[in-house]
Amino acid sequence: MRISTLSQNLRIDNSITSVQRRIADAQQQISTGKRSQVYSGFSGQDTRLLITLKEQRTSADSYINSINNTKVKTETIDATLQQMTSVAEDLRTQLYEQVEGLFEQSSLALSTFATAAINQMSNLLNQTVDGKYLFNGTDTDTQPIIDPATTQGAYAQPALAGGAAGIIAAAEAFFDVDANWTNVTTPAPGSLSVRVDQGVDLDFGELANDSATFEEVFDVLYAFSNTTFTAGNDAEYRNLVNWAIDKVEAAIDLMNDMVGQNGVVGSEMASRKESHKETILLLETQIGNIEDVDPYEAVAEFQTLQAQLEASFQTTAVLRNLSLTKFI
């Protein structure tokens, strides 16, 4: 049975249209290097795999971004802790010089140093990154250390003539009350934290009101910034110095531990970052194996389709008996 002319023409037209679409796809593959710009251009299995791989890559990228942002904070904390340790070590040196017993010559220098160190320590503990305080836990919008002028105005201690015990008691009692010198909330806010991997969070940072380190140093600084040595008070002044040395040395050890712990966090973040970078390289290879097209294959396909299209046009012309003479 003869196929109708209309049906035949429709089949030819559909075939030509199909080849033209494939040529357009081949041209796009050559220009972009990708098999398709949309998921519908891949098989169902490849589409599902692509979505999974890209989600994994996005997650790894987000972890790296979090690590990079946190690295700025941990490096600032590290530098700040080292500077505070340096201040405490200088204070210890000043105290050691008092042991020589030349109090009339050295006590004024220590008092002057202590006053300057109070401001320096306060500024360091009020350090910020991107406008967020680093030494107040998760309460990053609140300045952790009260302005020194305010604290110094509220602090009062007895004269050295009354004995070293009175000065020690006054300093320790004042700084035992956080509200006297810090804005750290009660209960204390949680530590700063960063998610570095799926289900893995790292805590970092220190609180300005830490009672074993910063508070101890402030005890000593305020005690000596407000102490005036006078002849005849040698024994009590020596007792005060010995108390201060013990406090400062213990605080230095703990601040060094803080620096070490901060370094552990930094090292862990660096390790996780490298792991994520390796994961991303692997994922990009897998994604490329699905998405990317071999340029030589794409060109060959394009040329084959072009030849096929030209042949289709010639066949169509013959079947439809098309000629300029017949048209005229």
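Okay, so let's go over this structure. All values reported here derive from a predicted model rather than from experimental measurement. (Residues numbered from 1 in each chain as written. Predicted model: local features only at pLDDT ≥ 70, side-chain atom pairs only at ≥ 80, totals over all residues. Heavy atoms only, no water.)

Some points on the overall build of the protein
Here is step 1 of the chain: When helices and strands are tallied, the protein shows 9 helices and 4 strands.
Here is step 2 of the chain: Tracing the protein from N to C terminus, the helices and strands come up as α-α-α-β-β-α-α-β-β-α-α-α-α.
Here is step 3 of the chain: Across the 328 residues of the protein, 38% fall into the buried class.
Here is step 4 of the chain: Contacts spanning at least 24 positions in sequence make up 76% of the contacts within the protein whose residues lie at least 6 apart.
Here is step 5 of the chain: Surface accessibility of the protein: about 18,000 Å² in total, with carbon and sulfur atoms responsible for 50%. (Helix = DSSP H or I, 4+ residues; strand = E, 2+ residues; numbered from the N terminus. Buried < 20%, exposed > 50% of the residue type's maximum accessible area, 1.4 Å probe, protein only. Contact = heavy atoms within 4.5 Å. Areas by Shrake-Rupley, 256 points an atom, 1.4 Å probe, with all protein chains shown as cover.)

Focus on the environment of Ser66
Here is step 1 of the chain: Structurally, the position occupied by Ser66 is in helix H2 (residues 44-99).
Here is step 2 of the chain: A relative accessible area of 29% places Ser66 in the partly exposed class.
Here is step 3 of the chain: In the structure, Ser66 is positioned 128 residues away from Val194 in sequence and 6.9 Å away in space, judged by C-alpha atoms.
Here is step 4 of the chain: Discounting chain neighbours no more than four positions away, the residues touching Ser66 are Val194 and Arg195.

With respect to unusual backbone geometry
Here is step 1 of the chain: Even without being glycine, Asp130 reaches a positive phi, approximately 55°.
Here is step 2 of the chain: Locating Asp130 in the fold gives a position in the loop between strand S1 (128-129) and strand S2 (132-133).
Here is step 3 of the chain: For Asp130, a relative accessible area of 76% translates into the label exposed.

A few points about the environment of Ala223
Here is step 1 of the chain: Within the fold, Ala223 resides in helix H6 (residues 214-225).
Here is step 2 of the chain: Take Ala223: its relative accessible area is 0%, and that puts it in the buried class.

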